[in-house]
Amino acid sequence: MSDCLFCKIINGEIPGEIVYQDDDVLAFRDINPQAPLHVLVIPRKHIPTINDLDSGDAELVGKMYLAAKKIAAEEGVAEAGYRALMNCNAGAGQTVFHIHLHVLGGRSLGWPPG
Ligand code: 5GP
Ligand code: ZN
């Protein structure tokens, strides 16, 4: 998707502070972090929202969570606790329409989120 911000980060058109990458996913620090650790894990495949996932994407979503687990361990928040979630559509606060897992940690996280 030529007009997608996160596809541009994948392509290197826009810089990103990449913390993890493999053949299927990429992870980089959020430009406006909401916690000491705030990384976004994205698939290389352009998928706009959770609603656009199909059964063939099941392994890919699993890989996004495995990347989140690895990053949390490397960043030292795995034991204390962290959050890994996706917002879906505007009502939930989604602003970039290429699915991304927010990985947040390094502070106490309230529940429910706002
Ligand atoms: P959403 O609101 O869609 O769930 O999350 C989008 C996230 O992308 C936000 O946390 C926002 O700060 C982050 N973001 C937006 N533009 C950029 C950018 O150009 N670079 C990086 N690294 N993060 C971005
Ligand atoms: Zn995209």
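Structure: above.
Predicted model, so just to flag it, every value in this text is computed and none were measured.

Engineer: Whenever I open this one, the coordination of the zinc ion (ligand 2) confuses me. Can you help?
Structural biologist: Ideal geometry at a metal centre: 109.5 degrees between donors when four sit tetrahedrally, and 90 or 180 degrees when six sit octahedrally. Within the protein, Cys 4 (SG), Cys 7 (SG), His 46 (ND1) and His 98 (ND1) serve as the donor atoms for the zinc ion (ligand 2), at 2.0 to 2.3 Å. Seen from the zinc ion (ligand 2), its four donor atoms lie at angles of 107 to 116 degrees, and the figure they make is tetrahedral.

Engineer: Looking at this model, I keep getting lost on the site of ligand 1. Mind explaining?
Structural biologist: Close to ligand 1 lie 16 residues; Arg 29, Asp 30, Gly 93, Thr 95 and His 102 are nearest. A distance of 2.7 Å separates an oxygen atom of ligand 1 from a polar backbone atom of Gly 93. Here an oxygen atom of ligand 1 and a backbone polar atom of Val 96 are 3.1 Å apart. About the coverage of ligand 1: the protein hides 82% of its 520 Å² of free accessible area. Of all the elements in the fold, those that place two or more residues in the shell around ligand 1 are α1 (5-11) and β2 (25-29). The dominant element in the shell around ligand 1, judged by the number of residues it contributes, is α1, at three residues. Tallied by class, residues from the shell around ligand 1 come to seven nonpolar, seven polar and two charged.

Engineer: Help me out: how do you make sense of the sheet that holds strand β3 (residues 37-43) in this one?
Structural biologist: Strand pairing in a sheet relies on backbone hydrogen bonds. The paired strands run either parallel or antiparallel. Spatially, β1-β2-β3-β5-β4 is the arrangement adopted by the five strands of the open sheet, whose pairing is antiparallel. Whereas interior strands pair on both sides, the edge strands pair on one side only; in this sheet they are β1 (18-21) and β4 (82-85). Each neighbouring strand pair of the sheet contributes to a mean axis angle of 15 degrees, computed without reference to strand direction. Where β2 and β3 come together, five bridges link them in antiparallel fashion. In the sheet register, Ala 27 faces β3, and the bridge partner there is Val 41. Across the sheet, helix α2 (residues 58-74) touches β1, β2, β3, β4 and β5 (101-105), and the angle it forms with β3 is around 155 degrees.

Engineer: Even after reading the chapter, I still don't get the pattern of salt bridges, so can you show me in this structure?
Structural biologist: Summed over the entire model, instances satisfying the criterion amount to six salt bridges. Among the ionic pairs, Arg 29 bridges to Glu 17, the shortest N-O distance being 3.2 Å. One end of the pair, Arg 29, is in strand β2; the other, Glu 17, is in the loop between α1 and β1, and twelve residues separate them in sequence. We note a salt bridge from Glu 75 to Arg 29, for which the minimum N-O separation is 2.8 Å. In this pair, Glu 75 is assigned in the loop between α2 and β4 and Arg 29 in strand β2, connecting sequence segments 46 residues apart.

Rules behind the numbers
- Residues numbered from 1 in each chain as written.
- Chains lettered and ligands numbered in written order.
- Predicted model: local features only at pLDDT ≥ 70, side-chain atom pairs only at ≥ 80, totals over all residues.
- Heavy atoms only, no water.
- Donors = N, O, S within 2.8 Å, 3.2 Å for Na, K, Ca; no water.
- Tetrahedral: all angles 85-135°; square planar, octahedral: opposite > 155°, others 65-115°.
- Near = heavy atom within 4 Å.
- Polar contact = N/O pair within 3.5 Å; in protein donor to acceptor, adjacent residues only side chain to side chain.
- Areas by Shrake-Rupley, 256 points an atom, 1.4 Å probe, with all protein chains shown as cover.
- Helix = DSSP H or I, 4+ residues; strand = E, 2+ residues; numbered from the N terminus.
- Nonpolar A, V, L, I, M, F, W, Y, C, P; charged D, E, K, R; others polar.
- Pairing = 2+ DSSP bridges.
- Axes fitted to C-alpha atoms, helices over the stretch in contact; angles between N-to-C directions.
- Contact = heavy atoms within 4.5 Å.
- Salt bridge = Lys/Arg side-chain N within 4 Å of Asp/Glu carboxyl O.

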